[in-house]
Amino acid sequence: MISSSEYGSHSWELLVTVDHQHEEVQKEFLLRVTGDLHIGGVMLKLVEQIKISQDWSDYALWWEQKKCWLLKTHWTLDKCGVQADAKLFFTTQHKMLRLRLPNMKTVRLKVSFSSVVFKAVSDICKILNIRRSEELSLLKQSEDALKKKKKKDKNSKEPVTEDILNLCNSPVSSGLSGSPGLYSKTMTPVYDPISGTPASSTITWFSDSPLTEQNCSILAFSHPNCSPETLAEMYQPRTLADKAKLNAGWLDSSRSLMEQGILEDDQLLLRFKYYTFFDLNPKYDAVRINQIYEQARWAILLEEIDCTEEEMLIFAALQAQYHVNKLSLSSEAQDFTCESEVDEVEAALSNLEVTLEGGNTSNTLEDITDIPKLADNLRLVRPRKLSLKAIKPYWFVFKDTSVSYFKNKESAQGEPIEKLNLKGCEVVPDVNVAAKKFGIKLLIPVADGMNEVYLRCENENQYARWMAACILASKGKTMADSSYHPEVHKILSFLKMKNWAMSPQAVSDPESIDMKPECFVSLRYTKKYKSKQLAARILEAHQNVCQMPLVEAKLRFIQAWQSLPEFGLSYYIVRFKGSKKDDMLGVSYNRLIRIDIATGDPITTWRFSNMKQWNVNWEIRQVAIEFDQNVSIAFTCLSADCKIIHEYIGGYIFLSTRSKDQNETLDEDLFHKLTGGQE
């Protein structure tokens, strides 16, 4: 019986369902509360009424109708807006989650369902020993990929049993601090920089982490490639619209998993969302480097990114080298004490740094008074409708961020025929090493779209110098910038790899090496060539990389991936304000590109470095952006929530503020200010 005094004018009954494993104890409890009772008091009352002796410290109240956690225990029920009709759920904050990693391995671990996704990913990366967690996020699989998986499971005669790596005993999962995701400058190297194996002196480093030496090797090494049959059963995007579907499922970094409808033991994809791999170091990043390599490898095998046949052979040769090298490592112990090899890896790393506009420029040594220039004979190609391309030789001069061309060298002192300002343009390689074709495709922004111009170079060296100058000019930088010579070196290195892929070599007998060539290329090439033809072509290219150590082969693969024209582009179908048709929007680390959805041709490019501000009208779900020179754009996103694009823009700007000179801690508040938005 309840006395009349307890029926105060302000008291009411609150229904709370408790998530516990005790079958014999009831799960629903009615609490008599008042509006001025704080959340902590509600939980205390509830635990006293449950009468089960256990650790309740990980439990919190989840408000089902509002889809939110009541984590501020000092707030009252009135302040939270909780009334008698509320259905509260008393449940654990850490729950099991299955994550599919970039290497297609699935791990099962405990993750916080109450922390925002940004924090949850940070904790996951600590468990997996991946530094720079801000580059990754969680992705829901696209519906088309899920349909294909269900069809595969349905057609399979045997039940599919997934091989899952269980990391549920992790210290981070249970709320304790685990291994540091970042490192100090004086920290002992965790991995051998050549082979990627855990350094013997630091095996004890893993003792406070679920990553035993065996688990570490599963995450830090690639495993045998899948068969063409397995590849055929996986979802492959055929059009730009298909590629847009791949990017529709990114979770909101500013909300928790539970708030976004993720349930216990659901499967999500852990992927590198932002293509700016900062401070890669083989001594600490074996897992991170391998997962980037795997994400690149699968993107190429599933044709999520386009590449030429030459480039596909380079990727195949580097995969084959990794495969052969790994086999030799497992069969015999090798001594990797050679300092020069370490230097080679570090040199390869310097080419991998991707620096964003807007980042720290204090180290850029630029002499304003003496900006270098290029002058050379090149051929100009202008595409014409209804006729053949016009190809004419001219004398070209490249200075600052502009290219001018003259009838000949002698007339270079006068007025040019035309001056092309390359700031903000798109630069696309048009190269076929076998055919000795070294072209540069320039898409220059004009009032009504893009002006298309091709430059033809005579040889590799000339192409590398001019291509590097064009790339820098498109970002608003001159050849005096310290990144010019590394860019030239990077382009020459990539051309050299293409030469390897095409030049005939003394090839070993394909059957003498345990290699299935179909495993290293996309389905398009397995259909085009017979197995022996493919093996011979891959081995021709492989002869030139056969001395590469394990980690360097992976770094070269990543470098080649970064050199592809489509690298780092995430696609979304949008409708621009004032337009009557849908367009594709490509979001990259330094720019937005409006693309014709039918032809795939770029229409306009806008660089983040020229952006003044952006905002979202949450009522009509419209993104509006202002750039320099009074340029404004606005669009609604049709293939995903506009919050995803808003977060991409803010995320890339946030990543551009990182510096090696900074303390290794992240400014999480700044990330949420730039990406959160006010809905």
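The name given to the protein chain in an unreviewed UniProt entry is Fermitin family 1, and the organism recorded there is Aptenodytes forsteri. Checking UniProt for the protein chain, the heading Sequence similarities (unreviewed entry) contains the comment "Belongs to the kindlin family."

## Re the overall build of the protein chain
For the protein chain, the count of helices and strands is 17 helices and 24 strands. Burial analysis of the protein chain (679 residues in total) assigns 53% to the buried set. By sequence separation, contacts in the protein chain at least 24 residues apart represent 65% of the contacts at least 6 residues apart. Surface accessibility of the protein chain: about 32,300 Å² in total, with carbon and sulfur atoms responsible for 50%.

## Describing the packing of helix α16 (residues 642–655) against helix α17 (residues 668–675)
α17 packs onto α16 with a crossing angle of 140° between their chain directions and a minimal axis gap of 8 Å. As summarised for this structure, α16 and α17 are arranged oblique, according to the angle between their axes. For the pair α16 and α17, the crossing hand works out as right-handed. Across the interface between the two elements, K643, H646, E647, G650, G651, I653 and F654 from α16 touch L670, F671, L674 and T675 from α17. Residue classes in the contact of α16 with α17 are distributed as five nonpolar, four polar and two charged.

## Some details on the sheet that holds strand β8 (residues 136–139)
Whether parallel or antiparallel, the strands of a sheet pair through hydrogen bonds between backbone atoms. On the basis of which strands lie adjacent, the open sheet formed by five strands has the order β8-β10-β6-β7-β9 and mixed pairing. The open sheet has two edge strands, β8 and β9 (164–166), and neither has a second partner. For this sheet, the mean angle separating the axes of adjacent strands, direction not counted, is 40°. On the sheet, helix α3 (residues 117–128) packs against β6 (94–100), β7 (106–112), β8 and β10 (267–272) and is oriented at approximately 110° with respect to β8.

## Quick look at the pairing of β10
Of all the six residues making up β10, five are buried; the element is thus mostly covered by neighbouring parts of the structure. Across three bridges, β6 lies against β10 in parallel orientation. The partner of R100 across the bridge, within β10, is L269. Pairing of β8 with β10 involves four bridges; the strand directions are antiparallel. Note on β10: the bridge partner recorded for L136 is F272.

## Things to note about the confidence of the model for the protein chain
When pLDDT is low, close inspection of the predicted coordinates is not appropriate. Mean pLDDT over the protein chain: 81, with 77% of residues reaching 70 or higher. By mean pLDDT, the top-scoring element of the protein chain is β10 (97), and the lowest-scoring one is helix α10 (residues 339–352) (48). Across residues 331–344, confidence stays below pLDDT 50; counting only partners more than four residues off in sequence or on other chains, it has twelve contacts.

## Points about the packing of helix α8 (residues 286–301) against helix α15 (residues 550–562)
In contact at an axis separation of 9 Å, α8 and α15 are set at 50° when each is read in the N-to-C sense. As the angle between them shows, α8 and α15 are arranged oblique. Handedness of the α8/α15 crossing: left-handed. Between α8 and α15, the contacting residues are I289, N290, I292, Y293, A296, R297 and I300 on the first element and K554, L555, F557, I558 and W561 on the second.

## Let's talk about the environment of W614
Along the polypeptide, W614 turns up in strand β22 (residues 611–617). Sequence separation between W614 and G650 is 36 residues, and the spatial gap between their C-alpha atoms is 9.2 Å. Once you skip the residues sitting within four places of it in the chain, W614 turns out to touch A624, I625, H646, I649, G650, I653 and L674. There is a polar contact of 2.9 Å between the side chain of W614 and the side chain of H646.

## Brief notes about the nonpolar core
By size, the foremost hydrophobic cluster in this structure holds 111 residues, and its most contacted members are L138, L257, W561, Y572, L585, I625 and F635. In terms of residue count, helix α9 (residues 309–331) provides more of this core than any other element does, nine residues in total. Filtering out sequence-adjacent residues up to four positions away, L257 remains in contact with L97, V111, S112, F113, S115, V117, L138, L251, I262 and L268. Counting 36 residues, the second largest nonpolar core, distinct from the first, contains I444, A468, A473 and L495.

## Observations concerning unusual backbone geometry
Look at M104: it is not a glycine, yet its phi comes out positive at around 70°. Take M104: it is sitting in the loop between β6 and β7. Phi angles above zero are rare outside glycine, and D265 is one such case at about 70°. The class for D265 is partly exposed, based on a relative accessible area of 30%.

## A short note on the environment of L219
Relative to the assigned elements, L219 resides in helix α5 (residues 213–220). Residues L219 and N290 lie 71 residues apart in sequence; the distance between their C-alpha atoms is 7.4 Å.

## Quick look at the pairing of strand β5 (residues 87–92)
Residues in a regular strand point their side chains to alternate faces of the sheet. In terms of strand pairing, strand β1 (residues 11–18) meets β5 through four bridges, oriented parallel. Its bridge partner lying in β5, V16 is registered against L88. With five bridges connecting them, strand β3 (residues 59–63) and β5 associate as antiparallel partners. Bridge pairing links W62 to F89 in β5.

## Here's the deal with the sheet that holds β5
Spatial strand order, β2-β1-β5-β3-β4: five strands in an open sheet with mixed pairing. Where the open sheet ends on each side, the last strands, each with one partner, are β2 (28–34) and β4 (68–70). Between one strand and the next, the sheet's axes are offset by a mean angle of 35°, whatever the strand orientation. Of the pairings in the sheet, the one linking β1 to β2 comprises seven bridges and is antiparallel in character.

## Observations concerning the pattern of salt bridges
Side chains that carry opposite charge are capable of pairing whenever their charged atoms lie near each other. Overall, the coordinates contain 32 salt bridges when judged by the stated rule. The residue R131 makes a salt bridge to D279 at a minimum N-O spacing of 3.6 Å. Taken together, the residues R131 in the loop between α3 and β8 and D279 in the loop between β10 and α8 connect sequence positions 148 residues apart. Like D279, R131 is buried.

## Here we look at helix α1 (residues 39–50)
End to end, α1 covers 17 Å across twelve residues, agreeing with the expected 16 Å (1.5 Å per residue, within 8%). Considered for burial, the residues of α1 that qualify are I39, G41, V42, M43, L46 and I50. One or two positions beyond α1, positive phi appears at K51, with a value near 60°.

Cut-off values and rules
Residues numbered from 1 in each chain as written. Predicted model: local features only at pLDDT ≥ 70, side-chain atom pairs only at ≥ 80, totals over all residues. Heavy atoms only, no water. UniProt positions renumbered as here; feature names shortened; annotations may be inferred. Helix = DSSP H or I, 4+ residues; strand = E, 2+ residues; numbered from the N terminus. Buried < 20%, exposed > 50% of the residue type's maximum accessible area, 1.4 Å probe, protein only. Contact = heavy atoms within 4.5 Å. Areas by Shrake-Rupley, 256 points an atom, 1.4 Å probe, with all protein chains shown as cover. Axes fitted to C-alpha atoms, helices over the stretch in contact; angles between N-to-C directions. Parallel < 35°, antiparallel > 145°, perpendicular 65-115°, else oblique. Left-handed = near helix turned anticlockwise from the far one by under 90°. Nonpolar A, V, L, I, M, F, W, Y, C, P; charged D, E, K, R; others polar. Pairing = 2+ DSSP bridges. pLDDT = per-residue confidence, 0-100. Polar contact = N/O pair within 3.5 Å; in protein donor to acceptor, adjacent residues only side chain to side chain. Core = buried A, V, L, I, M, F, W, Y, C linked by side-chain atoms within 4.5 Å. Salt bridge = Lys/Arg side-chain N within 4 Å of Asp/Glu carboxyl O. Expected span 1.5 Å × (residues − 1).

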